[in-house]
Amino acid sequence: MLNIVISGAPGSGKGTQSDIIVEHYGLYHISTGDMLRAEIKAGTTNGKIAESLIADGKLVPDEMMIAMLRDTVVAHTDAKGFIFDGFPRTVAQAEALDEMLGKIGTSVTCMLCMEVEHDLLVERLLNRGKTSGRADDNLETIQKRLDVFNAQTMPVIDYYKKSNRCHTASNNTTVDECFAQVKRIIDSTL
Ligand code: AP5
Ligand code: MG
């Protein structure tokens, strides 16, 4: 299986690049943010827990996220591989991912770390906020999401660096130029 973790600050282009990766490599896309927004829309218990946390830029609890992810992975073991978009966001989630993939005889092939300059990130998110309807696309919550990323998710990047699986792609560029870098990285692991 080809299993890719795509990480990076809010608005760094994880979703945009995941869509192209899916088209190109036929992987199964798991976006934990999209999963949570679907739960909120459906009014489930998990959705009710997640709603105010997301609007406040905070992470939902690890146990809930790990359980949701495990169910999705187990339901798609016939996939060619997965692209994990927005997961893991804590070291506990990274350890749980290693364990759950180990149980189905596979592992994380590589992490793509998307990098975008701060001002460009904020500009892109505010721009998206005009039409996205996302409760977290406003200046106050964007700043909180960036703080949470730096405090809780940067250690995950170090976690993958330790096993030489972290590769950086700059997205201070066009979508296509970014994908050219992403493709080079993925192809080098095949
Ligand atoms: P999530 O939905 O994952 O949000 P995020 O990480 O903040 O990232 P975004 O989805 O906002 O941005 P993106 O990196 O996908 O960028 P995009 O491609 O859209 O999570 C939301 C919340 O859910 C979290 O805050 C947390 O509360 C909760 N959550 C989710 N997962 C969790 C987990 N594992 N544990 C705990 N809690 C969790 O691009 C952004 C914009 O830029 C778009 O408009 C796009 O069109 C544009 N764009 C992209 N690339 C370019 C380019 N090259 N040129 C011009 N425009 C571009
Ligand atoms: Mg996204």
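The structure this text deals with has already been given above.
The structure displayed is predicted, hence computed values, not measured ones. (Residues numbered from 1 in each chain as written. Chains lettered and ligands numbered in written order. Predicted model: local features only at pLDDT ≥ 70, side-chain atom pairs only at ≥ 80, totals over all residues. Heavy atoms only, no water.)

Some words on the pattern of salt bridges
- All chains considered together, the criterion is met by 10 salt bridges.
- We note a salt bridge from Lys-103 to Glu-99, for which the minimum N-O separation is 3.2 Å. Of this pair, Lys-103 and Glu-99 both sit in helix H5 (residues 91-103), separated by 4 residues, roughly a single helical turn.
- Its relative accessible area of 66% is what places Lys-103 among the exposed residues.
- Close ionic contact of Arg-128 with Asp-137 constitutes a salt bridge, the shortest N to O distance being 2.9 Å.
- Residues participating in the shared-partner salt-bridge network are Arg-128, Arg-134, Asp-136, Asp-137 and Arg-145. (Salt bridge = Lys/Arg side-chain N within 4 Å of Asp/Glu carboxyl O. Helix = DSSP H or I, 4+ residues; strand = E, 2+ residues; numbered from the N terminus. Buried < 20%, exposed > 50% of the residue type's maximum accessible area, 1.4 Å probe, protein only.)

So, the sheet that holds strand E2 (residues 28-31)
- Reading across the sheet, the 5 strands line up as E2-E3-E1-E4-E5 and stay open at both edges, with parallel pairing between neighbours. The open sheet has two edge strands, E2 and strand E5 (166-170), and neither has a second partner. Strand after strand, the sheet turns through a mean of 20° between neighbouring axes, direction not considered.
- Across 4 bridges, E2 lies against strand E3 (residues 82-85) in parallel orientation. (Pairing = 2+ DSSP bridges. Axes fitted to C-alpha atoms, helices over the stretch in contact; angles between N-to-C directions.)

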